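What follows is each chain in one-letter form.
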Amino acid sequence: MTDRRPSGQQKRVNRITRKVGLDAGALIHVGLLQEHNVRVTVFDYDGTHCDQWQPQDLEEIVPLKDSPTVSWINVDGIHDVQIVERIGQLFGIHPLIQEDIVHAGQRPKMEDMSDHIYIVLKMLEGQDSEREVDWEQLSMIIGPNFLITFQEREGDIFDPVRQRITEDKGKIRKVGADYLAYALLDLVVDHYFVVLERLGDKIEVLEEEIIGQSGPEVLNKINHLKRATLTMRRSVWPLREVISNMQRLESDLIKETTKPYLKDVYDHTIQIVDTVETFRDMLSGMVEIYMSNLSNRMNEVMKVLTMIATIFIPLTFIVGVYGMNFQYMPELHWRYGYAAVWIVMLIIAYGMVSYFRKRKWF
Amino acid sequence: MTDRRPSGQQKRVNRITRKVGLDAGALIHVGLLQEHNVRVTVFDYDGTHCDQWQPQDLEEIVPLKDSPTVSWINVDGIHDVQIVERIGQLFGIHPLIQEDIVHAGQRPKMEDMSDHIYIVLKMLEGQDSEREVDWEQLSMIIGPNFLITFQEREGDIFDPVRQRITEDKGKIRKVGADYLAYALLDLVVDHYFVVLERLGDKIEVLEEEIIGQSGPEVLNKINHLKRATLTMRRSVWPLREVISNMQRLESDLIKETTKPYLKDVYDHTIQIVDTVETFRDMLSGMVEIYMSNLSNRMNEVMKVLTMIATIFIPLTFIVGVYGMNFQYMPELHWRYGYAAVWIVMLIIAYGMVSYFRKRKWF
Amino acid sequence: MTDRRPSGQQKRVNRITRKVGLDAGALIHVGLLQEHNVRVTVFDYDGTHCDQWQPQDLEEIVPLKDSPTVSWINVDGIHDVQIVERIGQLFGIHPLIQEDIVHAGQRPKMEDMSDHIYIVLKMLEGQDSEREVDWEQLSMIIGPNFLITFQEREGDIFDPVRQRITEDKGKIRKVGADYLAYALLDLVVDHYFVVLERLGDKIEVLEEEIIGQSGPEVLNKINHLKRATLTMRRSVWPLREVISNMQRLESDLIKETTKPYLKDVYDHTIQIVDTVETFRDMLSGMVEIYMSNLSNRMNEVMKVLTMIATIFIPLTFIVGVYGMNFQYMPELHWRYGYAAVWIVMLIIAYGMVSYFRKRKWF
Amino acid sequence: MTDRRPSGQQKRVNRITRKVGLDAGALIHVGLLQEHNVRVTVFDYDGTHCDQWQPQDLEEIVPLKDSPTVSWINVDGIHDVQIVERIGQLFGIHPLIQEDIVHAGQRPKMEDMSDHIYIVLKMLEGQDSEREVDWEQLSMIIGPNFLITFQEREGDIFDPVRQRITEDKGKIRKVGADYLAYALLDLVVDHYFVVLERLGDKIEVLEEEIIGQSGPEVLNKINHLKRATLTMRRSVWPLREVISNMQRLESDLIKETTKPYLKDVYDHTIQIVDTVETFRDMLSGMVEIYMSNLSNRMNEVMKVLTMIATIFIPLTFIVGVYGMNFQYMPELHWRYGYAAVWIVMLIIAYGMVSYFRKRKWF
Amino acid sequence: MTDRRPSGQQKRVNRITRKVGLDAGALIHVGLLQEHNVRVTVFDYDGTHCDQWQPQDLEEIVPLKDSPTVSWINVDGIHDVQIVERIGQLFGIHPLIQEDIVHAGQRPKMEDMSDHIYIVLKMLEGQDSEREVDWEQLSMIIGPNFLITFQEREGDIFDPVRQRITEDKGKIRKVGADYLAYALLDLVVDHYFVVLERLGDKIEVLEEEIIGQSGPEVLNKINHLKRATLTMRRSVWPLREVISNMQRLESDLIKETTKPYLKDVYDHTIQIVDTVETFRDMLSGMVEIYMSNLSNRMNEVMKVLTMIATIFIPLTFIVGVYGMNFQYMPELHWRYGYAAVWIVMLIIAYGMVSYFRKRKWF
């Protein structure tokens, strides 16, 4: 299952205008334009067995709703709203939540619908060249013994969890759907760190660039990074709240034994927020350095100009004086007039240079 | 029902001075100057029928107050305070609320008057050329089975809801006045997104303009957009609170089944707030780029001046020297004096150019 | 009762130093220096009658304390501390409150003294030329059926209320002292709007000035306006809290029927706060524009200098070359040497101009 | 008791390093280096008598602990930790509090130790030339009928209270130790106002300086004042909290009748906070003006240079042309060539001047 | 036990990437790369005895868990995850906490695990040349009568506590593991002050540097110090919260008698926060001064250039005029033409200088 997201080329339908005036619950896809078929994959496991298949017909997944085994139904693609609607009907998902699932760009949030929990969040998946931080919407429906996930694209970051399930590593096979949801959340948050580290690397590179001779494109880069941190902050702040709410939720769907793990993820989100704030501070400091570099360079240029001009302008005046054509200019006829002028000019030049030295302009 | 608002030309009476010292509850119109007659339109519907008419006499609407069908009384124009006062008397609206209805520019708020709820908010309706964001005050009185809306202008954004009522689309005909109020609120909030998108487009255009050679008018544009985001923020922050209060209201007027829909609108307002904040950050970043562009261009200009001056000023001094008219200037009589001077000058020029190269001024 | 405040000339004793080390409750006047006699005016009314007189002796007002009619005792001038002290004794006002009454510059606050309520606030009364916003302290003692107000100056903004009382307009004669207090508060807050509008006008004028050729005095004006908004904010923020506290007060002195009116005033104060914040944002934006205008103008000046210098400095060098007096300068003797030099110079000038055109410096 | 603090010369031991690793409760003096002997003075009074003496032996003060009269034990100097320790043992003060008493630089705080209350705060005592705001730590132990105060230096600001006690002015002799504590707090806060007024005066002077020709030292002064406001804010914010906590304290040590007085002091601290914030805003505005003045002056300088250069550089080129020595230069032999050149040059100069006029550079 | 940390050279494994996708509770070391063996040291003491040894086998420490004496098990090095895991098993530490222990870079936090408390924080240990503030993670497990500490490096700041234990100074031997934990926390916080003082010294040095002729490296230094304060703030803010939570903890593990000591440490953290904020303000003010210094120096340079150019450019023009070779130039033949030109030029020069004097450019 390779990651084949050519994210730089993909387009988003993010015009909300398409939706204005529709009835609540009307399913309209807003998000990445996709052409592939929607793929549904199912993992069904308990401590002793683990099945994995791609259902041909959505009816196949109905029994999973009430089976005692844990079922993970993953849907790659939300552009085919009929599939979302069908699953919604089969699993009794509220129409407003169906609407949120197909409408990418939701603010991360959690809704407790008593017989299932809805979580929507932004999954960061690397950085494309233009937007630095690229995201995709992930929706989760946590039921008593099933978990349904909706992603926008094929290919994802969940392979490590799939591997842990199939190879029965750790405790994942022994516990319920809430732990599976936690495991996926943990991966999502870990990928935030990955993106953060890349941002950190870029900031470090920029810090060195900025000391050298840097043109206006550096400021552009700083602003791109600033915007990337902004995007991250806007993704992670509400996510932090989501996880905090899950922890405090009074619901059978989240078991008490899972909550310490959620606390762990929560601590990670706080660390991300901290780092993002630090990055923002660093970037602001870099703008200051950049601006003062501009002024410094201007100062340098001006000093060179001033030194040259201040030394030569008086000298040019002097030689101009003796270029005048007056009939009666006694100096012109002196024997050592020419030499005297040179000496005077050297003294003036020396005086100027000394003045600049004293002022520490060299 | 076309939208014929020549908003750019319309004037507002927004001088509160007219009101100073009047008794509380005295109705004075403050808002858009209008000349058309106030038009009242009525929708009266339930699951089985739907009537729509324009009453000739306000007495016609009295029976709607207690009829079991849902009635939507829409008033286009608040400049005729007598009509507002008459409706207020007929439906038992508190004088202070009547005062707020005719006084455009209210901060969005909700008042629970136990037998009806008063909501006032700002409706954004597009952007006129001068103020970027143009608004109009919308007041709603939510009763047990009626909804009264007061707008400032003819023509509005509610046609999609009217259509859903007349064509019996969705669940709107099956539910009460609170759902109708929600449907209108939803439309208002959707139009905030529309305005946001236009702002976003303008910001994108500006971002490209700012990189090129941009004059002071760009900063002006940025400031206009900043002010537009400010207006939006000031409209949407209290609106967010209004909807949050409606959700938490302990009142029979808002049914429990409607509250999930209000939650949905609430989420939208938070998204708007988020986007507005992002826009503000982006615009601040653009001011920084603009300012540094100014400095950069100044630097460029100064470098050109300095290079030209620094190369030619010493040379001009040299040629000045040999323009002097001293009687005894041995160099003037040398066979290759002239050529020698040229060579010296070329060396100096070359040295200067190398110096600038080394400093990376090219 | 005309408004004869030559506020620009009046001086304040605002040196707290005079008070240091005194016993609590020692009455020391701090505030506007006044020379007129303190004037006490009394309104005594109920639904059927209305008396108005100026008592010669303060003993005259004693019976008002327990009479069932509503009495409004207005004191113009707090510089005569003995009058304040006498009234304080007659009406049982706590010494610390007496101290606050004569000490102008109090932060707006409300104190519930169980048998009366003390409110102190800042009354804005127009703008004098120096400080933009001019204020005067207003103290109110709300008793069960009396209201005592203390102002610093003669002449005030309360004439509309006096008129409503004498002419029996609205409900003011039918209700108690708390409604009278509300009516005065409402007027005070309305005058905040008046001052805000004037500030708004000045900001609009400044906005146009700033686009043209503006000198450093524009920044001074912006700073004056900024300080005015600061003064307003500092007056209105605590006032907002005062009114909010009055609304929530569990006291017989504020009747339940008066509270909706207080809510109305409260909404106004929030609107003022909003507008003040907007003004501050606008003024900050204007500082930015002003600063960038400075840079722009500098850029313009530099470009002119650079163009002139860059075109003529090389040419001046060339003519200098042929002004040299070398014996052997073949060009000087060519037939078309002079013409050739002109052609070379024109080519150089044209090249320079083209270069500047390409760089869009024109 | 004159105030003999040569504060500018005094040194502080403010290196916490001396304390690292010591056991909690180990008394180490951190604060002003003092050489005088610690002086203990005692006031012992009730409604009928008032004694004042300096005990030779600390055992003398033991009976004061349980006597029904009010006793104020004032200790000038905390550098002799043994005296503090001895008093601590005699009056049962917790070792951690003893540690705080001798360790100047505590953040203002209140500790309720059930049988006594500990208050520590910063006393501002004027402004020395270097730090603008000079402070000294004041510790108070409020017991049932005694008050112990610890100051760092001899000489203080409490003489007005001493006078009120000895001369039996006001109610101070009739009430308890908590009122005495209030009276001292009130004086401390009044002195904050005194310092504020001096800061205000300096700011006013600076405001005028800044408009004239001001060098970099003005910015230095602004920064000193900024730091002074910072110091004040850091002293007064926690002090505000201390007094607020005292007011809400459920303890027999603070009587209900004293609480209105504490409320009064509390209001003063809020006013101080307000004023400090205003000062900070004013100082920030002044930095802006200063910066723009710099730019303005640069603009002026550049305009002068540009005007001179732009007028004379082309003229110098023209005279250079006719200084060339070509054999065939027809103009040189024209009868009115010289006059014609002058006319051309005057036209050019006039053109330039007109251009600058049009651009409003004069 | 000398402090041998060559921190400047040590590398950190701070790539979270290594951890992505692992099962919760999988122990992966993230932190300082270390090569030394992990050293475990044990202190076991009560009021009467004190043993200290380095166990060869971890089984040796098992009896300490339930012995009535206080045991302090200190682990130097977290890179050997097996040792941490073994101790974790022996003392029943939750796998998620084991994970946090070996994963340096945790945000300071406290976890109450009912039979033990987990605290993790950042220990500041001086300043290396590159990062100004250098930290190391300290984890504490507080049990009923044992304390386990995990550090990243050999050598630490705890020797004063070790000494107090072995020499039975103060009350440390008489009290429990919670007091020991407090004593260590107190030392950690005291070292924050030490680092703060060093930062303060550097800021003072910078303040003097900045007034003189300072290049761009000063801004760099300011930014380094800013980042250091940022690091401190990010360490101390959550630490403050940790200690506040410990104080309020309802647990037998923290005795009531220890809580006043925690309050004391808490006050220290608030003071640190205060000082850090002051430092940030001071550094911001210094950036302002630096920037204005740049402008000032530019102004100086420009004035020198302008004065020289403005004086000599007109004079050079004049001498150019009389360098022209027109046949008919009457002035050239005047007897005192040359002298007259000199006089004219001196007058012009004098006029210029007077003009600059008037403008206060000297």
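Worth saying up front: this structure is predicted, and the values here are computed from it rather than measured. (Residues numbered from 1 in each chain as written. Chains lettered and ligands numbered in written order. Predicted model: local features only at pLDDT ≥ 70, side-chain atom pairs only at ≥ 80, totals over all residues. Heavy atoms only, no water.)

**Quick look at the packing of helix α4 (residues 177-211) of chain B against helix α5 (residues 216-248) of chain B**
Residues and elements named next belong to chain B.
Reasoning step 1: Contact pair α4 / α5: the axes reach a minimum separation of 11 Å and the direction vectors enclose 155 degrees. Considered as vectors, α4 and α5 are oriented roughly antiparallel to each other. For the pair α4 and α5, the sense of crossing is left-handed. Facing Leu185, Val189, Tyr192, Val195, Leu196, Leu199, Lys202, Ile203, Leu206, Glu209 and Ile210 of α4, the residues of α5 in contact are Val218, Lys221, Ile222, Leu225, Ala228, Thr229, Met232, Ser235, Val236, Leu239 and Met246.
Reasoning step 2: Here the contact of α4 with α5 is composed, by residue class, of 17 nonpolar, 2 polar and 3 charged. (Axes fitted to C-alpha atoms, helices over the stretch in contact; angles between N-to-C directions. Helix = DSSP H or I, 4+ residues; strand = E, 2+ residues; numbered from the N terminus. Parallel < 35°, antiparallel > 145°, perpendicular 65-115°, else oblique. Left-handed = near helix turned anticlockwise from the far one by under 90°. Contact = heavy atoms within 4.5 Å. Nonpolar A, V, L, I, M, F, W, Y, C, P; charged D, E, K, R; others polar.)

**Comments concerning the pairing of strand β7 (residues 117-124) of chain C**
All names here are of chain C.
Reasoning step 1: Taken across its 8 residues, β7 has 8 buried, putting it largely inside the fold.
Reasoning step 2: On β7, burial covers both faces: Ile117, Ile119, Leu121 and Met123 on one face and Tyr118, Val120, Lys122 and Leu124 on the other are all buried.
Reasoning step 3: As judged from the 4 bridges shared by strand β6 (residues 109-112) and β7, these two strands associate in the antiparallel manner. Counterpart to Asp112 in the pairing with β7 is Ile117.
Reasoning step 4: The hairpin turn running from β6 into β7, its antiparallel successor, is 4 residues long, and Ser114 in that turn takes a positive phi close to 65 degrees.
Reasoning step 5: One ladder, built from 8 bridges, connects β7 with strand β8 (residues 135-142); its direction is antiparallel. (Buried < 20%, exposed > 50% of the residue type's maximum accessible area, 1.4 Å probe, protein only. Pairing = 2+ DSSP bridges.)

**As for the domain arrangement of chain A**
Often the size quoted for an interface is simply the accessible area lost on bringing the parts together.
Reasoning step 1: Taken domain by domain, chain A holds domain 1 (12-292) and domain 2 (300-358).
Reasoning step 2: A straight line from the C-alpha centre of domain 1 of chain A to that of domain 2 of chain A covers 75 Å. (Domains from an automatic or database assignment.)

**A closer look at the sheet that holds strand β7 (residues 117-124) of chain A**
Residues and elements named next belong to chain A.
Reasoning step 1: Here we have 7 strands laid out as an open sheet, ordered β4-β3-β5-β9-β8-β7-β6, and mixed in their pairing. Because the sheet does not close on itself, it has two edges, and the strands there are β4 (50-53) and β6 (109-112). Neighbour-to-neighbour, the strand axes of the sheet open up by a mean angle of 15 degrees, direction not taken into account.
Reasoning step 2: Packing against the sheet, helix α4 (residues 177-211) makes contact with β3 (39-45), β5 (70-76), β7, β8 (135-142) and β9 (146-151), and its axis sits at approximately 25 degrees to β7.

**Focus on the relation of the copies chain B and chain A**
Reasoning step 1: With an axial shift of 0.0 Å and an RMSD of 0.1 Å, the rotation relating chain B to chain A amounts to 72 degrees. Taken together, the rotation angle and the small translation identify this as a five-fold axis. Ranked by how close their C-alpha atoms come to the rotation axis, the residues of chain B are headed by Gly323 of chain B, at 4.6 Å. (Least-squares fit on C-alpha atoms with pLDDT ≥ 70 in both.)

**Re the interface of chain B and chain A**
Reasoning step 1: Facing 64 residues of chain B, the contacting portion of chain A comprises 60 residues.
Reasoning step 2: When chain B packs against chain A, the two sides together hide about 5,300 Å² of surface, and 61% of this comes from carbon and sulfur.
Reasoning step 3: Counting every contact that joins chain B to chain A gives 7 salt bridges.
Reasoning step 4: A salt bridge links Lys226 of chain A to Glu288 of chain B; the nearest nitrogen and oxygen atoms lie 3.5 Å apart.
Reasoning step 5: Inspection of the chain B/chain A interface yields 17 residue pairs in polar contact (both at pLDDT 80 or more).
Reasoning step 6: Elements supplying a minimum of two residues to the side of chain B that touches chain A: α3 (159-166), α4, α6 (259-321), α7 (330-333) and α8 (337-358) of chain B.
Reasoning step 7: With 34 residues, the top contributor of residues to the side of chain B that touches chain A is α6 of chain B.
Reasoning step 8: Split into classes, the residues belonging to the side of chain B that touches chain A amount to 31 nonpolar, 18 polar and 15 charged. (Buried area = accessible area lost by both parts, 1.4 Å probe. Salt bridge = Lys/Arg side-chain N within 4 Å of Asp/Glu carboxyl O. Polar contact = N/O pair within 3.5 Å; in protein donor to acceptor, adjacent residues only side chain to side chain.)

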